[in-house]
Amino acid sequence: MASQPQPTTENVDADQIKSFRDFLTSYNKLSEICFVDCVWDFTTRKVLDKEDKCALNCMEKYLKMNQRISQRFQEFQMLANESQLAAAQKAGAIPR
C-alpha cells in the first residue's frame, strides 16, 4: 500500500494563510456592503438605532446567504462525485 505524503509545515501555513485571507476578504465585503446600505446620516458621530438595526439585519442576511450557498455547493459537489463514480464504474475503471 502506498503511503500518502505527510503535509509539511509550509503547506499547512500556506493553507492557514489562504483561509485567513479568504475570511478577511469576506469580512471586508460584508462590512462594505452593509455600511453602504445602512449608514445614511453623517451629521452626527452617533449611530442611529435605524442604522444599527439595518446593519444587523444586513449582516444576518449576508451570513445566512453565504451559508446557504456553501450548502448548495456541497450538495452539487456530492452529486457530481457520485456521477463521476457511476460513470467510472460503468466504464469498468472501478470494480463494483
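Here, the structure is the one placed above.
Now for a quick tour of the structure. Predicted, not measured: the structure shown is a model, and the values here were computed from it.

### Concerning the overall build of the protein chain
Okay, step 1: Of the regular secondary structure elements, the protein chain holds two helices and zero strands.
Okay, step 2: Residues counted as buried form 7% of the 96 residues belonging to the protein chain.
Okay, step 3: Carbon and sulfur atoms provide 58% of the accessible area of the protein chain, an area that totals close to 8,900 Å².

### Brief notes about the state of the cysteines
Okay, step 1: One pass over the structure, following the stated rule, counts two disulfides.
Okay, step 2: Each disulfide pairs two cysteine sulfurs, and for Cys 34 the partner residue is Cys 58, the sulfurs being separated by 2.1 Å. Across the S-S bond of Cys 34 and Cys 58 the torsion is about -85°, and the bridge reads as left-handed. With Cys 34 in helix α1 (residues 9-38) and Cys 58 in helix α2 (residues 49-91), this residue pair connects regions lying 24 residues apart in the sequence.
Okay, step 3: Cys 34 sits in the buried class, given a relative accessible area of 7%.
Okay, step 4: With relative accessibility at 15%, the residue Cys 58 sits in the buried group.
Okay, step 5: In the protein chain, the bonded cysteines, numbered by position in the sequence, are linked as 1-4, 2-3.

### Digging into a nonpolar patch on the surface
Okay, step 1: A contiguous nonpolar surface patch, about 430 Å² in accessible area, is contributed by Phe 20, Phe 23, Leu 24 and Tyr 27.
Okay, step 2: Here Tyr 27 falls in the partly exposed class, since its relative accessible area comes to 46%.

### Here's the deal with the environment of Cys 38
Okay, step 1: With respect to the secondary-structure elements, Cys 38 resides in helix α1.
Okay, step 2: Once the C-alpha coordinates of Cys 38 and Cys 58 are considered, the two residues, 20 residues apart in sequence, prove to be 8.1 Å apart.
Okay, step 3: Once you skip the residues sitting within four places of it in the chain, Cys 38 turns out to touch Glu 51, Cys 54, Ala 55 and Cys 58.

### Examining the nonpolar core
One broad trend across soluble globular proteins is that nonpolar side chains are buried collectively.
Okay, step 1: Judged by nonpolar contacts, Leu 30, Cys 34, Cys 38, Cys 58 and Tyr 62 together constitute the single largest core of five residues.
Okay, step 2: Of all the secondary structure elements, the ones that give two or more residues to this core are α1 and α2.
Okay, step 3: Sorting elements by how many residues they give to this core places α1 first, with three residues.

Quick notes on the rules
- Residues numbered from 1 in each chain as written.
- Predicted model: local features only at pLDDT ≥ 70, side-chain atom pairs only at ≥ 80, totals over all residues.
- Heavy atoms only, no water.
- Helix = DSSP H or I, 4+ residues; strand = E, 2+ residues; numbered from the N terminus.
- Buried < 20%, exposed > 50% of the residue type's maximum accessible area, 1.4 Å probe, protein only.
- Areas by Shrake-Rupley, 256 points an atom, 1.4 Å probe, with all protein chains shown as cover.
- Disulfide = S-S within 2.5 Å.
- Patch = residues over 30% accessible without salt bridge, like charges linked within 9 Å, V, L, I, M, F, W, Y side chains within 5 Å.
- Salt bridge = Lys/Arg side-chain N within 4 Å of Asp/Glu carboxyl O.
- Contact = heavy atoms within 4.5 Å.
- Core = buried A, V, L, I, M, F, W, Y, C linked by side-chain atoms within 4.5 Å.

Don't take any of this as a statement about function, it's just geometry.
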